[in-house]
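# Examining the three-dimensional arrangement
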Amino acid sequence: MKTLNSPKTSPLIQRLQWVFNPLEYMETNVKINRDIFNTQVTGSVGLIFVNSPEGMQELLTRDTKEFYAPGSINEILKPLLGEQSVILLDGDRHKRQRKLLMPPFHGERMRNYGELILNITQQATAKLKPGKPFIARNTMQEITLAVILQAVFWVFEGSRYDELKQLITSLLAVTDSPISSSLLFFTSLQKDWGAWSPWGRFLRMRKKVDELLFAEINERRQNWDETRTDILNLMMAARDEDGQPMTDEELRDELLTLLFAGHETTATAMAWALYWVHRQPEVYQKLIQELESLPKNADPMTIFRLPYLTAVCNEALRIYPVAMLTFPRVTKEQTELLGYQLEPNVGVAGCIYLLHHREDLYPEPKQFKPERFLERKFSPYEFLPFGSGARQCIGMALAQFEMKLALAQIILDYDLTLLEKRPVKAGRRGVTLSPLGGIKMMMNGKRTPSKSVAIPATV
Ligand code: HEM
């Protein structure tokens, strides 16, 4: 039986490297131990990183058998999301909750959201001023927050919606910086010393959010309208195997989970895509050519299926995957992975970043080359920006739809310039990999189309 290698540095140094320079940490260690290695990034207990397609497949197809996908690992999110959030559950309760949550996110439901995404993109980009710089990630986040809020509630204005939008933005700001997120990491700081203390403020905002969400759920129960197809209605209509619906608390926690998991990640992916397209003129040319070839009033699904647009978005998700790791899986019993023997209770994460940077799968992995996705079909264990198995991303179809439609709309509408002279670096933002500085761009004006176009949205 082979022995698993570990980096020689101390757990503390590893943890610091993982927090402050995760790409260097992964790239240094994979040179020594190619497909799988042990780490101490979460402390001395250890977390194994696996990054070969075979390893990913062995892990993620057995994550309800010899492995499980624990929710308790995400315990720190409890104050934000509530204890019934799908992210915090495991076993049968997790399975039930995922089943109840999935219907609004199936591919065919995406039709509902197409016009919405295009309209919101138009509204957000209409605020850009010609000749004035803007931070791409912020504009993208404005789009994705509006999309998820409106897809969830299908409410476009009104005091409840506005208040909720503001509160959610302030609550999520808790995860923005290392200082503010220390409130979640260090439970000793979680003391309510009144409305002006950081935790007191957090609790009061959280209570207000609860009130608004419960008021919305209540109103809908009173005046049930089965023709509504927004995410909240679909969640309220869903029944488990025993015919039971979600409780109000479950609905509240899942709503917060979707709002939380659904917009920062997608905004980052969209900002990267915008960056690469404007950094490489040949990519821009090919993309604009494809977009301009669309028939007049093309429907959102036609845009979604465009091959080059799809390749550009996939390549953006490959080169800097927003999630560097899958959620950890843990061994239930003694088992083997890639020929290594693992004891019970050992944590293993799929290392998406290292998988996506393997030379044998992606020659010249540091180069942005959408063509690789046209020349070859990658298996679900070779390209997995959304994970796989028991915890595969619930919003995968929505995120891809959003990315493609927003990118198409922006590129067709505006002439933009990238204001970054040097390559933008990727760095940690919470648990995600994000462009440092957010990507500075400038809108020069409306683009002059080379022929009449295409996208149908009207505000
Ligand atoms: C580009 C955007 C996104 C990326 C890259 C992404 C990536 C991921 C990844 C890697 C996982 C863990 C998978 C695993 O462990 O196997 C995950 C889980 C999850 N994602 Fe996403 N995600 C994105 C957008 C979204 C959106 C739009 C939503 C919801 C509207 C969402 C909701 C979730 C939820 C609820 C989970 C937890 C699932 C569970 O615990 O069973 N994500 N995502």
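Look a little higher up for the structure.
Predicted model, so just to flag it, every value in this text is computed and none were measured. (Residues numbered from 1 in each chain as written. Predicted model: local features only at pLDDT ≥ 70, side-chain atom pairs only at ≥ 80, totals over all residues. Heavy atoms only, no water.)

### Re the overall build of the chain
From N to C terminus, the chain includes 18 helices and 12 strands. For the chain, the C-alpha radius of gyration of 22 Å lies close to 23 Å, the compact-globule estimate for 459 residues. Expressed along its principal axes, the backbone C-alpha trace of the chain runs to roughly 65 × 55 × 45 Å. The buried share of the chain, taken over its 459 residues, is 55%. Residue pairs at least 24 apart in sequence account for 72% of intrachain contacts in the chain once pairs closer than 6 positions are excluded. Each charge class in the chain was averaged separately, 56 positive and 53 negative side chains, and the resulting centres sit 5 Å apart. (Helix = DSSP H or I, 4+ residues; strand = E, 2+ residues; numbered from the N terminus. Rg over C-alpha atoms; globule rule 2.2 N^0.38 Å. Buried < 20%, exposed > 50% of the residue type's maximum accessible area, 1.4 Å probe, protein only. Contact = heavy atoms within 4.5 Å. Lys, Arg positive; Asp, Glu negative; His and termini not counted. Charge placed at Lys NZ, Arg CZ, Asp CG, Glu CD.)

### Considerations on the layout of surface pockets
Counted as a void, the second largest pocket has a volume near 340 Å³. Listing elements by their share of the lining of the second largest pocket, those giving two or more residues are α15 (307–319) and α18 (396–413). Here the lining of the second largest pocket is composed, by residue class, of 8 nonpolar, 7 polar and 2 charged. (1 Å grid on protein atoms, 1.4 Å probe; cavity = no way out; pocket = protein on both sides within 12 Å on 5 of 7 lines; lining within 4 Å. Points joined across faces, edges and corners; volume = space filled by probe spheres on them. Nonpolar A, V, L, I, M, F, W, Y, C, P; charged D, E, K, R; others polar.)

### Regarding the sheet that holds strand β12 (residues 440–446)
Taken in spatial order, the 3 strands of this open sheet run β4-β12-β9, and their pairing is antiparallel. Strands at the two margins of the open sheet, each flanked by one partner only, are β4 (133–135) and β9 (414–418). Across the sheet, the mean angle separating the axes of adjacent strands is 40° when strand polarity is ignored. Packing of helix α7 (residues 136–153) onto the sheet brings it into contact with β4 and β12, and relative to β4 it is tilted by some 60°. (Pairing = 2+ DSSP bridges. Axes fitted to C-alpha atoms, helices over the stretch in contact; angles between N-to-C directions.)

### Overview of empty space enclosed by the protein
Taken as a whole and judged by the stated rule, the model has 2 cavities of 30 Å³ or more. Roughly 50 Å³ of volume is contained in the largest cavity. Lining the largest cavity are Leu-80, Leu-81, Ile-168, Leu-171, Leu-172, Leu-256, Leu-259 and Phe-260. Those elements giving two or more residues to the lining of the largest cavity turn out to be α4 (78–81), α8 (159–172) and α12 (248–279). Partitioning the lining of the largest cavity into residue classes produces 8 nonpolar, no polar and no charged. For the second largest cavity, the full set of lining residues is Met-140, Met-270, Ala-273, Met-403, Ala-406 and Leu-407. Among the elements of the structure, α12 and α18 are those that each provide at least two residues to the lining of the second largest cavity. A per-element tally of the lining of the second largest cavity places α18 first, with 3 residues. The class makeup of the residues in the lining of the second largest cavity is 6 nonpolar, no polar and no charged.

### Focus: the packing of helix α10 (residues 198–222) against α12
Orientation of α10 relative to α12, taken along the N-to-C sense of each, is 120°, at an axis distance of 10 Å. By the angle between their directions, the pair α10 and α12 is classed as oblique. As for the relative orientation of α10 and α12, their crossing is right-handed in sense. Contacts between α10 and α12 pair Arg-206, Val-209, Asp-210, Leu-213, Phe-214, Ile-217 and Arg-221 from the former with Asp-248, Glu-249, Leu-251, Arg-252, Asp-253, Leu-255 and Leu-256 from the latter. (Parallel < 35°, antiparallel > 145°, perpendicular 65-115°, else oblique. Left-handed = near helix turned anticlockwise from the far one by under 90°.)

### Considerations on the coordination of the iron atom of the ligand
Looking at the protein side alone, the iron atom of the ligand has one donor only, Cys-393 (SG), at 2.3 Å. Along the polypeptide, Cys-393 turns up in the loop between α17 (372–375) and α18. (Donors = N, O, S within 2.8 Å, 3.2 Å for Na, K, Ca; no water.)

### Looking at the sheet that holds strand β5 (residues 329–331)
Strands sit in the order β1-β2-β8-β5-β3 across an open sheet of 5 strands; the sheet is mixed. The sheet is open, and its two edges are formed by β1 (36–39) and β3 (67–68), each paired on a single side. Relative to strand β8 (residues 347–350), β5 runs antiparallel, the two being bridged by 2 bridges. Within β8, the position partnered with Val-330 by the bridge is Gly-347. On the sheet, helix α3 (residues 53–60) packs against β2 (47–50), β3, β5 and β8 and is oriented at approximately 125° with respect to β8.

### Some words on the site of the ligand
Near the ligand you find 29 residues, and of these His-94, Arg-98, Arg-329, Arg-391 and Cys-393 are the closest. Between the ligand and Arg-98 there is a distance of 2.7 Å, counted from an oxygen atom to a side-chain nitrogen or oxygen. Measuring from an oxygen atom of the ligand, one finds a side-chain N or O atom of Arg-391 at 2.6 Å. For the shell around the ligand, the secondary-structure elements that each account for two or more residues are α5 (91–101) and α12. The biggest single contributor to the shell around the ligand is α12, with 6 residues. Tallied by class, the residues present in the shell around the ligand amount to 16 nonpolar, 10 polar and 3 charged. (Near = heavy atom within 4 Å. Polar contact = N/O pair within 3.5 Å; in protein donor to acceptor, adjacent residues only side chain to side chain.)

### Considering the environment of Ser-293
Turning to its location among the elements, Ser-293 is positioned in the loop between α13 (281–292) and α14 (300–304). For Ser-293, the side chain forms a polar contact with the main-chain oxygen of Glu-290, separated by 2.6 Å.

### Comments concerning the packing of α15 against α18
Between α15 and α18, the shortest axis-to-axis distance is 10 Å and the interhelical angle comes to 120°. For the element pair α15 and α18, the recorded crossing hand is right-handed. Within the contact between the two elements, α15 uses Leu-309, Thr-310, Val-312, Cys-313, Asn-314, Ala-316 and Leu-317 and α18 uses Gln-400, Met-403, Lys-404, Leu-407 and Ala-408. Of the residues that constitute the contact of α15 with α18, the class distribution is 8 nonpolar, 3 polar and 1 charged.

### Section: the nonpolar core
Taken as a class, soluble globular proteins show a tendency for nonpolar side chains to be buried jointly. Membership of the largest hydrophobic core comes to 144 residues, with the highest contact counts inside it found for Met-26, Phe-49, Tyr-320, Leu-407 and Ile-439. Sorting elements by how many residues they give to this core places α12 first, with 16 residues. Those residues in contact with Tyr-320 that sit more than four places away from it in its chain are Leu-23, Trp-272, Trp-276, Tyr-353, Val-424, Ala-426 and Leu-433. (Core = buried A, V, L, I, M, F, W, Y, C linked by side-chain atoms within 4.5 Å.)

### Looking at a nonpolar patch on the surface
On the surface, a nonpolar cluster with roughly 420 Å² of combined accessible area is contributed by Leu-12, Leu-16, Val-19 and Phe-20. Of note, Leu-12 is situated in helix α1 (residues 11–20). Leu-12 gets classed as exposed once you look at its relative accessible area, which sits at 58%. (Patch = residues over 30% accessible without salt bridge, like charges linked within 9 Å, V, L, I, M, F, W, Y side chains within 5 Å. Areas by Shrake-Rupley, 256 points an atom, 1.4 Å probe, with all protein chains shown as cover. Salt bridge = Lys/Arg side-chain N within 4 Å of Asp/Glu carboxyl O.)

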